[in-house]
Amino acid sequence: MQFRDLVKQYQVLKPELDKAMISTVASGGYIMGKPVKELEASLAEYVGVKHCVTCGNGTDALTLGLKAWDVGKGDAVFVPDFTFFASAEVISLEGATPVFVDVDAGTFNMDAADLERAVEKTAGEGMLTPKAIITVDLFGLPADYAAIRKIAGKYGLLILEDGAQGFGGAIGGKRACSFGDISTTSFFPAKPLGCYGDGGAVFTDNDEWAAKMDSLRVHGKGSYKYDNVRIGMNSRLDTLQAAILQVKFKAFREHELTDINRAASLYTANLRGIVHTPVIPEGYYSSWAQYTIRLNSKEERDALQLRLKENGVPSMIYYPTPMHRQTAYKSLNLPAGSCPVAVRLCDTVLSLPLHPYISEEDIEKVCHLISTKG
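Keep in mind that what you see is a predicted model, and the values were worked out from it rather than measured.

(A) The arrangement of the overall build of the protein in detail. Scanning the protein from N- to C-terminus turns up eleven helices and twelve strands. Computed over its C-alpha atoms, the radius of gyration of the protein comes to 21 Å, within 12% of the 21 Å expected for a compact globule of 374 residues. Overall size of the protein, expressed as C-alpha extent along the three principal axes, is 65 × 60 × 35 Å. Long-range contacts, defined as pairs at least 24 residues apart, comprise 71% of the intrachain contacts of the protein with a sequence gap of at least 6. Entry remark: accessible area of the protein is about 15900 Å², with carbon and sulfur atoms responsible for 52%. Once the 39 positive and 44 negative side-chain charges of the protein are each reduced to a mean point, those two points are 2 Å apart.

(B) The side chain of glutamine 290, seen in detail. In this structure, glutamine 290 sits in the loop between strand S10 (284-285) and strand S11 (291-294). On the basis of relative accessible area, glutamine 290 is assigned to the buried category, the value being 12%. Non-local contacts of glutamine 290, meaning those with residues more than four positions away in its chain, are made with Phe3, Phe139, Tyr318, Ser351 and Leu354.

(C) The arrangement of the nonpolar core in detail. By size, the foremost hydrophobic cluster in this structure holds 42 residues, and its most contacted members are Trp69, Phe82, Ile91 and Ile182. Listed by contribution, the elements that provide at least two residues to this core are strand S1 (51-55), helix H3 (58-68), strand S2 (75-80), helix H4 (86-93), strand S4 (129-136), helix H7 (207-216) and helix H10 (340-348). If one sorts the elements of this core by residue count, H3 sits on top with five residues. Apart from the residues within four sequence positions on either side, tryptophan 69 is in contact with Lys131, Ala132, Leu158, Ile159, Leu160, Asp181, Ile182 and Trp209.

(D) Quick peek at the pattern of salt bridges. Overall, the coordinates contain 18 salt bridges when judged by the stated rule. Put simply, glutamate 38 and lysine 34 hold a salt bridge, and the shortest N to O gap is 3.8 Å. Residue glutamate 38 and its partner lysine 34 are located together in helix H2 (residues 34-47), separated by four residues, close to a single helical turn. Classification of glutamate 38 as partly exposed rests on a relative accessible area of 35%. Of the charged contacts, one joins glutamate 40 and lysine 37 as a salt bridge, the two residues approaching to 3.5 Å between their closest N and O atoms. With glutamate 40 and lysine 37 both in helix H2 and three residues apart, this pair spans about one turn of that helix. Judged by relative accessible area, which is 6%, glutamate 40 ranks as buried. In this structure, a network of salt bridges that share partners links the residues Lys37, Glu40, Asp214, Arg217 and Lys221.

Definitions and cut-offs
Residues numbered from 1 in each chain as written. Predicted model: local features only at pLDDT ≥ 70, side-chain atom pairs only at ≥ 80, totals over all residues. Heavy atoms only, no water. Helix = DSSP H or I, 4+ residues; strand = E, 2+ residues; numbered from the N terminus. Rg over C-alpha atoms; globule rule 2.2 N^0.38 Å. Contact = heavy atoms within 4.5 Å. Areas by Shrake-Rupley, 256 points an atom, 1.4 Å probe, with all protein chains shown as cover. Lys, Arg positive; Asp, Glu negative; His and termini not counted. Charge placed at Lys NZ, Arg CZ, Asp CG, Glu CD. Buried < 20%, exposed > 50% of the residue type's maximum accessible area, 1.4 Å probe, protein only. Core = buried A, V, L, I, M, F, W, Y, C linked by side-chain atoms within 4.5 Å. Salt bridge = Lys/Arg side-chain N within 4 Å of Asp/Glu carboxyl O.

Right, dumping it as structure tokens:
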């Protein structure tokens, strides 16, 4: 059993993928070729925004967003305490300061009430200027944008949506990667829409920001590539990855998103009442980057993970350490008791095998092992 079976996906899509890869190699256009622009247009249309700018990876996508807003020293950027390190790392790399916000125990996403508390506290201290919020659509579920947008408007903050895991999710028909003033995603192979290497994209309706990010991703180019108008970066999506993504995006739209939701529903039907299953609020739709359950204690979680491993079932812990306890952020000296929900989640979450091609038999095996864990 595979945690996320990319080999099975390749076997299903092999004829189209092989054709796309061979055609790209034969074309000679390996960097920023025609498939890149085609992909950007189709992704923007799907998400429902004016602009999509692809780049080298999801971390660079977040960086491009922060650079478009000139985020830097003295700025505070609010970010969930329960997320992958890159969500906070990019803030520090721009010279700004991450302010960690606790999350909701059911959805795993940013707690709007704690966000407002953190913004008011930061503004009141007067040492940093609140500038932006990086929301994270964790495990495929969009964050609480209705509440977060109200707070952003109240305090004059920009929203940078980290949709690395959220592409394909939605709230009331509005798709993920359209909720931020700038939004991002990642095409890392294991993401809901992944390529065969690294890749990422930014999305926005703002013409000025889109043009700036387009410049920044190619060394700060101006009207042509040898007229550099700003200090930029080298973060382009390879043509080969764009061609692969075109094939995968077709499958994603036509059946993969539906299939993974069906699989997640089967997990929930079998596990409800046995463990804490993921919460999907009414009107929300997840793209299920992970199917993550919660146990009652670290000991119970670790024992279950061992039992699954002994029976040939892979599982993962996303994430074992909250952001404020990462070694790199010890210098922030956050007080004991910070972000208690995030701390508890790190000790009790466990992600189970899930992908669009998983069989019902595999899901039933996993559920049986969990239901008989005691």
